[in-house]
Amino acid sequence: MAKRGDYFGLGYIVSLILAIIPVTSWLCGAITRFTEGKILAGILRLILGWNIIWIIDLILMILSKHILRIIPL
């Protein structure tokens, strides 16, 4: 079975394409964290997601197939 990406359980290639585009990465990252029940992490992604978090998300998506977890709990 293929490894799943981090955005909404979509495939890795689709998640990678979404991570490359800054606006979709920002929105999908925040929505993903909200759907996981991580309200504070979702708010932080909305506020800080346009800068360094986007670059780190892109690097981590390529290397480990997962987005950055600011608050893992």
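The structure under discussion appears in the preceding block.
In what follows, the accompanying structure is described. (Residues numbered from 1 in each chain as written. Predicted model: local features only at pLDDT ≥ 70, side-chain atom pairs only at ≥ 80, totals over all residues. Heavy atoms only, no water.)

1. Quick word on the nonpolar core
Link 1 in the chain: With nine residues, the main nonpolar core is built from Tyr7, Tyr12, Leu16, Leu18, Ala19, Cys28, Leu58, Met61 and Ile67.
Link 2 in the chain: Listed by contribution, the elements that provide at least two residues to this core are helix 1 (12-20) and helix 4 (52-64).
Link 3 in the chain: The leading source of residues in this core is helix 1, at four residues. (Core = buried A, V, L, I, M, F, W, Y, C linked by side-chain atoms within 4.5 Å. Buried < 20%, exposed > 50% of the residue type's maximum accessible area, 1.4 Å probe, protein only. Helix = DSSP H or I, 4+ residues; strand = E, 2+ residues; numbered from the N terminus.)

2. Quick word on the pattern of salt bridges
Link 1 in the chain: All told, the structure shown has two salt bridges when counted by the stated rule.
Link 2 in the chain: Residues Arg33 and Glu36 are paired through a salt bridge, measuring 2.6 Å at the closest nitrogen-oxygen approach.
Link 3 in the chain: A relative accessible area of 2% places Arg33 in the buried class.
Link 4 in the chain: Looking at Glu36, the relative accessible area reads 32%, which means it is partly exposed. (Salt bridge = Lys/Arg side-chain N within 4 Å of Asp/Glu carboxyl O.)

3. Topic: a nonpolar patch on the surface
Link 1 in the chain: On the surface, Phe8, Leu10, Ile13, Val14, Ile17, Ile20, Ile21, Val23, Leu27, Ile31 and Trp50 cluster together into a nonpolar patch covering about 970 Å² of accessible area.
Link 2 in the chain: Contributions of two or more residues to the nonpolar patch are made by helix 1 and helix 2 (22-35).
Link 3 in the chain: Considering every element that reaches the nonpolar patch, the biggest residue donor is helix 1, with four residues. (Patch = residues over 30% accessible without salt bridge, like charges linked within 9 Å, V, L, I, M, F, W, Y side chains within 5 Å. Areas by Shrake-Rupley, 256 points an atom, 1.4 Å probe, with all protein chains shown as cover.)

4. Details of the packing of helix 1 against helix 4
Link 1 in the chain: Running from N to C, helix 1 and helix 4 point in directions that differ by 160°, and their axes come no closer than 9 Å. It follows that helix 1 is roughly antiparallel to helix 4 by the angle criterion. Considering how the two elements wind past one another, helix 1 and helix 4 form a crossing that is left-handed. Contacts from Tyr12, Ser15, Leu16, Ala19 and Ile20 in helix 1 reach Trp54, Leu58, Met61 and Ile62 in helix 4.
Link 2 in the chain: For the contact of helix 1 with helix 4, the per-class residue count stands at eight nonpolar, one polar and no charged. (Axes fitted to C-alpha atoms, helices over the stretch in contact; angles between N-to-C directions. Parallel < 35°, antiparallel > 145°, perpendicular 65-115°, else oblique. Left-handed = near helix turned anticlockwise from the far one by under 90°. Contact = heavy atoms within 4.5 Å. Nonpolar A, V, L, I, M, F, W, Y, C, P; charged D, E, K, R; others polar.)

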